[in-house]
Amino acid sequence: MPVPKRKRSRARRDSRFANKGIKVKAIAGCLNCKDPIVPHTACQNCGFYKGVKVLTTKADRKVKRLAVKTAKTPAKKASESQAE
Ligand SMILES: [Zn+2]
């Protein structure tokens, strides 16, 4: 009967079981943008949960920042031209 030549090290043995606890996560689709999301959480892409906007996303902040920037710059130039 064949017998293992050497004792298998603890690291080698334990690395075999390292991925045993990993389970496949459930994935649902966002109702608003169809992006894959974890169920019962708000969508990170569009910020919607059950059809209601609950998060401000990175894209929202970018749009807002741009709007503030564009609103500020012409007003500043106008006030500068009035001063001259
Ligand atoms: Zn979404």
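Above this text is the structure in question.
Residues numbered from 1 in each chain as written. Predicted model: local features only at pLDDT ≥ 70, side-chain atom pairs only at ≥ 80, totals over all residues. Heavy atoms only, no water.

**Student:** Which parts of the structure should I look at to understand the overall build of the protein?
**Tutor:** Across its full length, the protein holds 2 helices and 4 strands. Ordered by position from N to C terminus, the α and β elements of the protein give α-β-β-β-β-α. Counting only residues that meet the buried cut, the protein has 8% of its 84 residues in that class. Sequence-distant contacts, at least 24 apart, represent 0% of the contacts inside the protein between residues at least 6 apart. Summed over all atoms, the accessible surface of the protein reaches about 8300 Å², with 58% contributed by carbon and sulfur. (Helix = DSSP H or I, 4+ residues; strand = E, 2+ residues; numbered from the N terminus. Buried < 20%, exposed > 50% of the residue type's maximum accessible area, 1.4 Å probe, protein only. Contact = heavy atoms within 4.5 Å. Areas by Shrake-Rupley, 256 points an atom, 1.4 Å probe, with all protein chains shown as cover.)

**Student:** Looking at this model, I keep getting lost on the coordination of the zinc ion. Mind explaining?
**Tutor:** Around a metal, the perfect tetrahedron of four donors has angles of 109.5 degrees, and the perfect octahedron of six donors has angles of 90 or 180 degrees. Around the zinc ion, the protein supplies Cys30 (SG), Cys33 (SG), Cys43 (SG) and Cys46 (SG) as donor atoms, at distances of 2.2 to 2.3 Å. What the 4 donor atoms of the zinc ion show is an angle range of 108 to 116° at the metal, which sorts the shape as tetrahedral. The sequence pattern formed by the donor residues of the zinc ion is C-x2-C-x9-C-x2-C. With Cys30 in the loop between β1 (28–29) and β2 (36–37) and Cys43 in the loop between β2 and β3 (48–49), this pair connects stretches of sequence that are 13 residues apart. (Donors = N, O, S within 2.8 Å, 3.2 Å for Na, K, Ca; no water. Tetrahedral: all angles 85-135°; square planar, octahedral: opposite > 155°, others 65-115°.)

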